[in-house]
Amino acid sequence: MPGWNVSPAAIAHAAHQAAPGPHRMNPYYGFIAPAILLIILLLLAPLAWLVGLSFDQDGEFSLYWYREITTSSGIRSMLWTTLRIVTITTAISLVLGYLVAFAMAHMGERQRMLLTLCVLIPFWLSVLVRALSWLILLRSNGLINSGLIDAGIISSPLPLVRNEAGVIIGMVHFLVPYAVFPLYAAMRAVDPRLMMAARSVGASTWRSFVDVYLPTTFPAVFGAGMLVFIFGLGFFVTPSILGGGRVVMLSEYVSVSVLQTLRWSLAGALSVVLLLATAALLYLIGKVTNLRKVLGAA
Amino acid sequence: MSKRFNEDLVEIARSEVTAGRMSRRDFVQLCLIAGVAPVVASTGIMSPGEAMAQAKELVLANFGGDAVKGMGEAWGEPFTKDTGINVVVDGATPLAGKIKAMVESGKVVWDVCDADGFLCNQLGSQGLLEDVDYSIVDKSMVRDGWAWPQGVANYTYSFVIAYKKSMFPDKPPTYADFFDVEKYPGKRTMWKYQMGAMEACLLGDGVPPDQLYPADIDRAVKKAKSFADNIIYWESGASSQQLFMDEEVVMGNIWNTRSSILERDTDGEVTWTWDQGLFCPAAFVIPKGNPAGAKVANEFLASILIPERQIKLLELLGNGPSNPKASEMLPENLRRLDPGYPTNLAKQIMRNEEWYEKNYDLAVEKWLDGISS
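Residues numbered from 1 in each chain as written. Chains lettered and ligands numbered in written order. Predicted model: local features only at pLDDT ≥ 70, side-chain atom pairs only at ≥ 80, totals over all residues. Heavy atoms only, no water.

Q: How should the overall build of chain B be read in this particular structure?
A: For chain B, the helix and strand inventory stands at 17 helices and 13 strands. Across the 373 residues in chain B, those meeting the buried criterion constitute 55%. Contacts in chain B between residues at least 24 apart in sequence constitute 70% of all its contacts with a sequence separation of at least 6. Element-wise, carbon and sulfur atoms account for 52% of the exposed surface of chain B, whose accessible area totals about 15,900 Å². (Helix = DSSP H or I, 4+ residues; strand = E, 2+ residues; numbered from the N terminus. Buried < 20%, exposed > 50% of the residue type's maximum accessible area, 1.4 Å probe, protein only. Contact = heavy atoms within 4.5 Å. Areas by Shrake-Rupley, 256 points an atom, 1.4 Å probe, with all protein chains shown as cover.)

Below, the structure is given as C-alpha cells:
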C-alpha cells in the first residue's frame, strides 16, 4: 500500500509544513477564540468599567479618588495594615510550608499519605468553619487560654484573638497548603543524585542543603510566596471574624464602600491600585526568577 | 367575592387551554362572560390579574435569620390569604449597594426591601426607589415623619444596654457605667458599623441625650479608641448574642431583639434596660422597576401596617410595631418587649433620621477608620 513506507525525510518535511511559519496564523487559534471572547466579555470588559468608575467623580473625569487614597489617613492606615499582615503571613506560611513540604518529599510512602491528609483536610474545610474554630480555641476563655491558666503558666488570658495576632494565625492556617503544594512538587523534582554528589565531594548535610538543595528549590519558594501573598491580599472572612472588628483589611474596606457607603468609585480606585500592585509584584519576581518556571510552565 | 370567583374560573380555563382541552376562542368567550378582559399573549394566555402582577409573587428581601420565617408568618401569609399573591422572603441582606447595583443594571429581583428609615430619602434621592402610593398606604398608620416619599416605617428597634444582672442588682447601668471598667470589670461589645456605638460613646463621654445630634463623630471615635482594649465589636446580631452566651462580655450595646432572646436563654442572668436606648425606625422600600409592579408592592406595604400583623411580628421576632395603634393594643406580656411602648419610649433617645440621611456614609467611614487604626 502506498504511504506505508514513509521515509524519515518525508516525515520531517511534513512536520515542517505543519509547523506555523513566522508569518502564518496558526489555524488552531480558532479553537481558543471562544475562550478569548469569554475572557474579554466577562473579565476585561467589567475590568475596564471598574477602571472607568475609579476616575468618576459625580459624572466627571477626575483623579479625586486616587488622591483620596493617598491623602486620607484612614485609607492609608488600612492599606498599611493590609500590607503588614499579608507580609508577615506570607513569611510564616513559607517557613512552615517549606518544612512540611520537605518532610513530605523525604519520608516513607505511608507517612507521606498521612501528612498529606493532615494538610488536605483543613484545606477542604470552609473558611468560615476554620475562622470560628480558631475563635473558640483562642478567645480569652477558650481552650488554649483556660488550659494555660489551669496549668498555672499564666495568670490572665493572653490576647490571642480579636487582634492582628488572631488574624495572622487564621490566615497562616488557611494559606500554608498553598505554600506546601508548589514546594512539594519542586522538591520531588530535585534529582537526589545532586545531594549525593555534594556529599561525595565532602559537603556536610547542612552545607549540601544550603548550597545545593535550597537554591534548586528557590524558584518554587518565590512562586509559593507570590501565590500566598496575592491570595492573602484578598482575605475577607478571616480578618473580619478573628480581627474582632479592629482589623479592617483591603477587601473588607472595598466591600463596605460598595455595599454600605455607596462609594463605588473609591472601591474601583482601590481595586485598580491592588491590581497594579499585583502586576508590579509579578514583574519584579519575573526579573528575579524565571517566572514561566515559577508558574509551572516547562 | 364574586370577582375572586370569576378570576379563579378564568384561571382554571387558562390551564385548560394550555393543556389543549379548550380552544382559545372558547376561552375568550368565557372571559367575556366572566367580565374579565382576556389577555392573549404570544407566549401564552395571561389573565388580567396576572398581567398586572406578573408572576403572582412578591419577593420580600430582608436580613435573614429568624426574620425570614418571622416576616413570612406575620406579614407574608396573611397577605397571600388576602390577595392570592405568594410572598417569598429572601434573606439576602438588601444593603444599599445591592439595591443600587440591581436598579442600575435593570435586573431587579426584589419587590420590597427591608431598610432603615434614613435610607428611604438617601436612596430615594438617587432615583433608586419607587414612590410609596399614599392613596394605598394609610399615612395615619405610622408615626408622624415615618411616611417618607419612597418608603414607610415597617417596624422599630432599639440599641440598648444589655448586661449581666448580677453586676447591677439595684439599678440598671448607664453609659457612664458602661465605660467604667474599674468599677465594673469585664469586656463590652458594640456594633462594628458605628450605629448605636457612636451614640453610646458620646453618651459615655458626657454628651447630654438631647444634644446627641448633630453628632460629633470624631469625639465618638476618640472615646472608642481610648477604650479599645475593653471592646469586642460584634458584626452580626447572632454574634452579639454569642458573646454573652460565651461569657466573653459582661455588657453590650446591642439590638433589643437580641437582648430579649438573651434574657430568655440565660434565665434572666443577662437582661437589658431601655434607659438611654437608641430608638430607630426600620422601613420598607420598593426598588425602582420591581418585578411585581409598584401597585402590588404598595398593597403589601399597606397590609403590614395592620395592627394585628405588627403585633404578630413583635411576638415572633421582638421587632416593635411602627403603627402606634398596635403598641396601644399590646397585651401585658408584650409591652415590656416593645421599644415603642410609651413607658419604654420615654426612657430612650430617638435616632435622628435627617442627620443619618446626610451623614451615614461619612460616619461609617470615619468610625471604621478610627477603630481599626
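The rest of the description comes next.
Q: Explain the packing of aromatic side chains here, please?
A: Residues and elements named next belong to chain B. Under the criterion given, the structure shown has 43 aromatic pairs over all chains. Ring geometry for F118 and Y360: centres 5.0 Å apart, planes at 35°, overall tilted. Remark: Y360 occurs in helix 17 (residues 353-372) and F118 occurs in helix 6 (residues 117-124); sequence separation between them is 242 residues. Y360 carries the same exposure label as F118, and that label is buried. Note on Y213 and W355: the rings are 5.8 Å apart at their centroids and 50° apart in plane angle, and the pair reads as tilted. With Y213 in the loop between helix 8 (197-204) and helix 9 (217-226) and W355 in helix 17, this pair connects stretches of sequence that are 142 residues apart. No difference in accessibility class separates Y213 from W355, as the two residues are buried. Clustering of aromatic rings is evident, with ring pairs tying together Y155, Y157, F159, W191, Y193, W234 and W255. Positioned over the ring face of Y134 is K139, at 4.8 Å from the centre of the ring. (Phe/Tyr/Trp six-rings, centres within 6.5 Å; stacked < 30°, edge-to-face > 60°. Lys NZ or Arg CZ within 6 Å of the ring centre and 35° of its normal.)

Q: Whenever I open this one, the pairing of strand 7 (residues 151-164) of chain B confuses me. Can you help?
A: Sheet faces and side chains relate simply in a regular strand, where the side chains alternate between the two faces. Residues and elements named next belong to chain B. Where burial is concerned, most of strand 7 is hidden: 14 out of the 14 residues are buried. In this structure, strand 6 (residues 147-148) lies alongside strand 7, joined through two bridges in antiparallel fashion. Looking across to strand 7, one finds that A147 is bridged to V152. Two successive antiparallel strands, strand 6 and strand 7, enclose a turn made up of two residues. (Pairing = 2+ DSSP bridges.)

Q: How do you make sense of the pattern of salt bridges when you look at a structure like this?
A: Opposite charge on two side chains permits pairing when their charged atoms draw close. Going through the model one piece at a time under the given rule, you end up with 24 salt bridges over all chains. Note that D191(A) and R193(A) form a salt bridge whose closest N and O atoms lie 2.9 Å from each other. Close ionic contact of E332(B) with R335(B) constitutes a salt bridge, the shortest N to O distance being 3.4 Å. Within this pair, E332(B) and its partner R335(B) are both found in helix 15 (residues 332-335), separated by three residues, close to a single helical turn. In this structure, a network of salt bridges that share partners links the residues R139(A), R162(A), D246(B) and E248(B). (Salt bridge = Lys/Arg side-chain N within 4 Å of Asp/Glu carboxyl O.)

Q: Is there a simple way to explain the interface of chain A and chain B in this structure?
A: Between chain A and chain B, the contact holds 23 residues from the first and 30 residues from the second. Between chain A and chain B lies a buried interface of about 2,400 Å² when both sides are counted; carbon and sulfur atoms form 52% of it. Linking chain A with chain B are six salt bridges, by the criterion used here. Put simply, E248(B) and R139(A) hold a salt bridge, and the shortest N to O gap is 4.0 Å. Viewed at the interface, chain B and chain A are joined by 16 residue pairs in polar contact (both at pLDDT 80 or more). When residues of the side of chain A that touches chain B are traced back to their parent elements, those giving at least two are helix 4 (73-105), helix 12 (250-259) and helix 13 (264-288) of chain A. Looking at the side of chain A that touches chain B element by element, the count peaks at five residues for helix 12 of chain A. Residue composition of the side of chain A that touches chain B, grouped by class: nine nonpolar, nine polar and five charged. (Buried area = accessible area lost by both parts, 1.4 Å probe. Polar contact = N/O pair within 3.5 Å; in protein donor to acceptor, adjacent residues only side chain to side chain. Nonpolar A, V, L, I, M, F, W, Y, C, P; charged D, E, K, R; others polar.)

Q: What's the story with helix 3 (residues 64-71) of chain A in this structure? I'm lost.
A: Since one α-helical turn is 3.6 residues long, residues separated by three or four positions face the same way. By the burial criterion, the buried members of helix 3 of chain A are W65(A), Y66(A), E68(A) and I69(A). The arc enclosing the buried residues of helix 3 of chain A, seen along the axis, measures out at 155°, which places them on a common side. (Arc of directions from axis to C-beta.)

Q: What's the story with the confidence of the model for chain B in this structure? I'm lost.
A: Reading predicted coordinates in detail is not appropriate for stretches of low pLDDT. In this model, chain B carries an average pLDDT of 89, and 85% of its residues clear a pLDDT of 70 or more. Here residues 38-53 of chain B is modelled with pLDDT under 50, and outside its nearest four sequence neighbours on either side it reaches 32 contacts, counting other chains as well. (pLDDT = per-residue confidence, 0-100.)

Q: When you look at the environment of G206(B) in this model, what are you seeing that I'm missing?
A: Residues and elements named next belong to chain B. Mapped onto the elements, G206 comes out in the loop between helix 8 and helix 9. You can call G206 exposed: its relative accessible area is 54%. In the structure, G206 is positioned 115 residues away from P321 in sequence and 31 Å away in space, judged by C-alpha atoms.

Q: I'm lost on the layout of surface pockets in this one. Help?
A: Over the atoms rolls a probe the size of a water molecule, and its path tells where empty space is left. Empty space within the second largest pocket amounts to approximately 450 Å³. As for the second largest pocket, its lining consists of 17 residues, of which D58(A), W65(A), L262(A), R263(A) and W264(A) are closest to the centre. For the lining of the second largest pocket, the secondary structure elements donating two or more residues are helix 2 (29-54), strand 1 (56-57), helix 3 and helix 13 of chain A together with helix 5 (96-105) and helix 17 of chain B. Split by residue class, the lining of the second largest pocket holds seven nonpolar, four polar and six charged. (1 Å grid on protein atoms, 1.4 Å probe; cavity = no way out; pocket = protein on both sides within 12 Å on 5 of 7 lines; lining within 4 Å. Points joined across faces, edges and corners; volume = space filled by probe spheres on them.)

Q: Sorry if this is basic, but what is going on with empty space enclosed by the protein here?
A: Scanning the entire structure with this criterion turns up two cavities of 30 Å³ or more. What lines the largest cavity is V127(A), R130(A), A131(A), W134(A), G170(A), H173(A), F174(A), T238(A) and L242(A). Listed by contribution, the elements that provide at least two residues to the lining of the largest cavity are helix 6 (127-138), helix 8 (164-188) and helix 11 (237-242) of chain A. The element best represented in the lining of the largest cavity is helix 6 of chain A, accounting for four residues. Among the residues making up the lining of the largest cavity, the classes are represented as five nonpolar, three polar and one charged. Considering only enclosed or pocket space, the second largest cavity measures out at about 30 Å³ in volume. Taken together, Y175(B), G196(B), E199(B), A200(B), L203(B), L212(B), N253(B), Q276(B), G277(B), L278(B) and I349(B) make up the lining of the second largest cavity.

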